[in-house]
Every structure is written in C-alpha cells, then in structure tokens.
Amino acid sequence: MNPLKPIVEIDNGSGFCFGVTTAIKKAEEELAAGETLYCLGDIVHNGMECERLRQLGLITINHEQMEQLHGVKVLLRAHGEPPETYELARRNNIEIIDATCPVVLQLQKRIKRQYESSPREGMEGASIVIFGKKGHAEVLGLVGQTQGEAIVIESLDDAKKLDFSHDIYLYSQTTKSLDEFHRIIAYIQQHIAPTATFRSFDTICRSVANRMPNISAFAAKHDLILFVCGRKSSNGKVLYNECKRVNPNTHLIEGPGEIDASWLRGIQTVGICGATSTPKWLMEQCRDAIMNISL
C-alpha cells in the first residue's frame, strides 16, 4: 500500500435510516416480481440511488402525472403524503404501496387528532405550528392533515412572527435539528400570552437526532471529512453543517466524481459519512476513488 495514501474510514452510523431502507426494499421486491411500479416523487433525496432504481424499472412521477394514471401500482415513499393523495388513488383505482415511515405516520395521526379536537373560529382558534422546511414532501403531508391550515416555520426568526395571543401547538418535521427546536420552544414559552396555552411535541426522529453527537465525534477524529449527500436532503444539510462546525475541513459531495485530489495532499486520515438518504455503496465508491487517486 502506498504510504502516501491517507487512511480512510467510513462512518458506521451513516447511511439509510429505517424508513428509507424499508421504502427501497418494498420497491425492489415489487420490481423483482416483474411489476410495473411508479413512485410518487424521488424515493430518496439521492440522485445516484434514484438512478440505480430507475435502471431496475422504477418510474418516478409527480402528482400531476399520477392524476392521469388508472389501475396501476404507486409507491408512496417514506416522507408520507396528505389525505388528498389517498383520495386520488381511490378515484383512479390505483393500488398504493405505502412505504410511509412509521415515525412520520404516527406524527401525521397526532397532528390530525389535534386539528380535529381544536376549536377553529378564525383568529379565536388555536394555531398548529410545524417546524419544518416549507414545500418539503414530509411537511406537505403534515400540513395536509389540517386541511392546509397549519403554519410552517423554518427557523427561530419565523417563530418570532407567530401570534402569541392564541393557543399554539408546536410539532416538528422528523428530521429537523433538535437544538433549534428547543430554542423555538424556549422563545414561545417566554412570549406566549398568560391567557393562551402552549404545548410542544418532540416529534423529531431519534434515529436521526442521535446521529448529531455521533457524527460530531466522527468529524473530530479526522483531518478531512467528505460528507456524501444529495443536495436536496434536508437532514443532510443539518448533519453536514454539524460536521463543518466541528471540522472546517469538511466538503459536501454527491459522489466520487466531485472529489478534488488537492484536498488529500498532506492529509493522513479521511472520514467519509453521509445523510439518512446516503447509500452505503456510494460512500464505499468514494473510499475506492480516494485509494485510486494519484497524489
């Protein structure tokens, strides 16, 4: 082995979360049986994994395209969908292969119950607030449980604009930052009117949240960190930023083709890690690419 080559370690804690693993397994099983299978939206926020499944026969569609389909099978990915999607499937005789993550499904049910039990009398009613990324597939599914009435906030600055004179019920997208969520809770607690009720529900997925301390420790161990992630991934951004905070010599790449040989000069150890949407095989390809680079 060339002594100039750095030692490369892949983070054991990185890679697909349970929800994504289950969705991909369901897709592979249907395709292996020779079924024509459509997927509503990218099955995972990773272009290379989506391409692998496309080559196996998975057809990715959007909501408008689904409206034109009848009598087919459509897979719903781990992010979940609003009630209207299930209604569309019923109307068009579409068989749903439901791969909604159980954590997301439970959150949808909690928000739906809260919405149905809350008074809704215009400004006199309660506000259901979701800490999440506007337009994200999971968040659209959550807002759909409230007939579009939930308020989505993306940051503490957004939280500061809430109406604190009315009841607030706060939930979170499952892959958001736990620290930011706690900052938002503290701010609302300080500003909620004495006559109003505030309740928060910690709905952040622990399999994602627990990756934060683990990935921090991993990033601190190495001279260089390559964070492998699709640029659409929400939790990827959170985890990448944490790596960058701990180790400024961190680069976000989507695949081995983005590795710059100049990053490796003088480097003794490289850590490769990724998001809950990053396949292990892709991190392994990045490791192999490093070992083949001439320094």
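Residues numbered from 1 in each chain as written. Predicted model: local features only at pLDDT ≥ 70, side-chain atom pairs only at ≥ 80, totals over all residues. Heavy atoms only, no water.

(A) The sheet that holds strand β8 (residues 168-172), seen in detail. Within the open sheet, the four strands sit side by side as β7-β6-β8-β9. Their pairing is parallel. At either end of the open sheet lies a strand with only one pairing partner, and these are β7 (151-153) and β9 (198-200). Across this sheet, the average inter-strand angle for adjacent strands is 25°, counted without regard to direction. Looking at chain direction, strand β6 (residues 127-131) and β8 are connected through five bridges and run parallel. By the bridge assignment for β8, Ile-128 is matched with Tyr-169. Sheet strands in contact with helix α5 (residues 102-117) are β6 and β8, and its direction is about 170° off that of β8. On the sheet, helix α8 (residues 178-191) packs against β6, β7, β8 and β9 and is oriented at approximately 175° with respect to β8. (Pairing = 2+ DSSP bridges. Helix = DSSP H or I, 4+ residues; strand = E, 2+ residues; numbered from the N terminus. Axes fitted to C-alpha atoms, helices over the stretch in contact; angles between N-to-C directions. Contact = heavy atoms within 4.5 Å.)

(B) Representation of the packing of aromatic side chains. Applying the stated criterion across every chain, the model contains four aromatic pairs. Each ring, one from Phe-164 and one from Tyr-187, has its centre 6.0 Å from the other, and the planes form 55°; the classification is tilted. A residue pair is termed long-range when its members are at least 10 positions apart, and Phe-164 in the loop between α7 (156-159) and β8 and Tyr-187 in helix α8 qualify at 23 residues. A relative accessible area of 14% means that Phe-164 is categorised as buried. Note on Tyr-187: relative accessible area 18%, which makes it buried. Taking 4.5 Å as the distance between ring centres and 10° as the angle between the ring planes, the aromatic pair formed by Tyr-171 and Phe-201 counts as stacked. (Phe/Tyr/Trp six-rings, centres within 6.5 Å; stacked < 30°, edge-to-face > 60°. Buried < 20%, exposed > 50% of the residue type's maximum accessible area, 1.4 Å probe, protein only.)

(C) View of the packing of helix α10 (residues 211-221) against helix α11 (residues 234-246). In the contact formed by α10 and α11, the axes pass within 9 Å of each other and the chain directions differ by 40°. With respect to α11, the element α10 is oriented oblique. The interaxial crossing formed by α10 with α11 has right-handed handedness. Residues Arg-211, Met-212, Ile-215, Ser-216, Ala-219 and Ala-220 of α10 form the contact with α11, whose own contacting residues are Val-238, Leu-239, Glu-242, Cys-243, Arg-245 and Val-246. Of the residues assigned to the contact of α10 with α11, the class counts are eight nonpolar, one polar and three charged. (Parallel < 35°, antiparallel > 145°, perpendicular 65-115°, else oblique. Left-handed = near helix turned anticlockwise from the far one by under 90°. Nonpolar A, V, L, I, M, F, W, Y, C, P; charged D, E, K, R; others polar.)

(D) Representation of the sheet that holds strand β4 (residues 73-76) within the structure. Overall, parallel pairing links the four strands, which are arranged β3-β2-β4-β5 in an open sheet. Of all the strands in the sheet, just β3 (59-61) and β5 (95-98) have a single pairing partner and so form its edges. The mean inter-strand angle of the sheet, taken between neighbouring strand axes irrespective of direction, is 35°. Alignment of strand β2 (residues 37-40) against β4, held across three bridges, turns out to be parallel. Bridge pairing in β4 links Tyr-38 to Val-74. Set on the sheet, helix α1 (residues 18-32) makes contact with β2, β4 and β5; between it and β4 the angle comes to about 165°. Docked against the sheet, helix α4 (residues 83-91) engages β2, β4 and β5, running at close to 145° with respect to β5.

(E) Local environment of unusual backbone geometry. The phi angle at Asn-93 is positive, at roughly 55°, despite the residue not being glycine. Considering the arrangement of structural elements, one finds Asn-93 in the loop between α4 and β5. Phi angles above zero are rare outside glycine, and Gln-147 is one such case at about 55°. Relative to the helices and strands, Gln-147 is located in the loop between α6 (137-143) and β7.

(F) Structural detail: the nonpolar core. Ranked by internal contacts, the top residues of the largest apolar core, which has 19 residues, are Ile-153, Leu-162, Ile-168, Leu-170, Ile-184, Ile-188 and Phe-198. At the level of secondary structure, the elements contributing two or more residues to this core comprise β6, β8 and α8. Setting aside anything within four residues of it in sequence, one finds Ile-153 in contact with Val-129, Ile-130, Phe-131, Gly-132, Asp-158, Ala-159, Leu-162, Leu-170 and Ile-184. (Core = buried A, V, L, I, M, F, W, Y, C linked by side-chain atoms within 4.5 Å.)

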